[in-house]
Amino acid sequence: MSSYEPAPPSPEHQPPRTPHRPPYQPRHQRPQPTHRPRYEPPHDPAFLLPWQSSTPAPPPRWPSPPTTPVPAPGHHSDLRRLRGAYRILRRGATLTALGFFTLFLLLSGFAPGLMTHPLGGGLTTGLALGLCQLPVTLLAIALYERTARRTVDPLATELRRTGRTR
């Protein structure tokens, strides 16, 4: 030994040894832990549950396309007449009820002098028009039902009877 090198420490004065750590490995290169295989039931048909089958189900069959083309709804003249009658029916009832209410609102906003004009007995024009809203709505409902019974329902019944709803 040379004079400038220290003597190795005695075994009782050495620091405790740490366990050896392996060098770093990326996660995808590390060994994977082994697991017990998942339990698989025996493949004996006696062990199958009622909804299971020992044979695989056949693939679903799609219906074959029709040989004659079915016309799209709305191309028949009867269907067009039915839609037109129903459209007129809707518009008439809507314009009757909402038209009167819109007239009432416009008069209230732009003609307050007319709406506050007394009619007698403490009744004003605005109050009379407001009270008339309910009878006008009931009249629109009555006209809707009457027109539906006379025009739309016979067309729909005829289409159902002839089977031309497709």
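Residues numbered from 1 in each chain as written. Predicted model: local features only at pLDDT ≥ 70, side-chain atom pairs only at ≥ 80, totals over all residues. Heavy atoms only, no water.

Trainee: Report on the nonpolar core, specifying residues and quantitative values.
Mentor: Membership of the largest hydrophobic core is limited to nine residues, which are Leu 79, Leu 82, Ala 85, Leu 89, Ala 148, Val 152, Leu 155, Ala 156 and Leu 159. Secondary-structure elements contributing two or more residues to this core are helix H1 (77-110) and helix H4 (133-162). When residues in this core are grouped by element, the largest group, five residues, is from H4. Apart from the residues lying within four places of it in its own chain, the contact partners of Leu 155 are Arg 81, Leu 82 and Ala 85. (Core = buried A, V, L, I, M, F, W, Y, C linked by side-chain atoms within 4.5 Å. Buried < 20%, exposed > 50% of the residue type's maximum accessible area, 1.4 Å probe, protein only. Helix = DSSP H or I, 4+ residues; strand = E, 2+ residues; numbered from the N terminus. Contact = heavy atoms within 4.5 Å.)

Trainee: An account of H4 is needed here, citing residue identities and associated values.
Mentor: Every α-helix winds through 3.6 residues per turn, so residues three or four apart in the chain are directed the same way. In this model, H4 (30 residues) spans 42 Å end to end at C-alpha, consistent with the 44 Å of a helix rising 1.5 Å per residue. The axis of H4 is deflected most strongly, by about 45 degrees, at Ala 148. Of the residues making up H4, those classed as buried are Gln 133, Val 136, Ala 140, Ala 148, Val 152, Leu 155, Ala 156 and Leu 159. Contact partners of the buried residues in H4: H1 and helix H3 (125-131). The positive-phi residue at the C-terminal boundary of H4 is Gly 163, with phi of around 75 degrees. (Expected span 1.5 Å × (residues − 1). Bend = angle between axes of the 7 residues up to and from the residue.)

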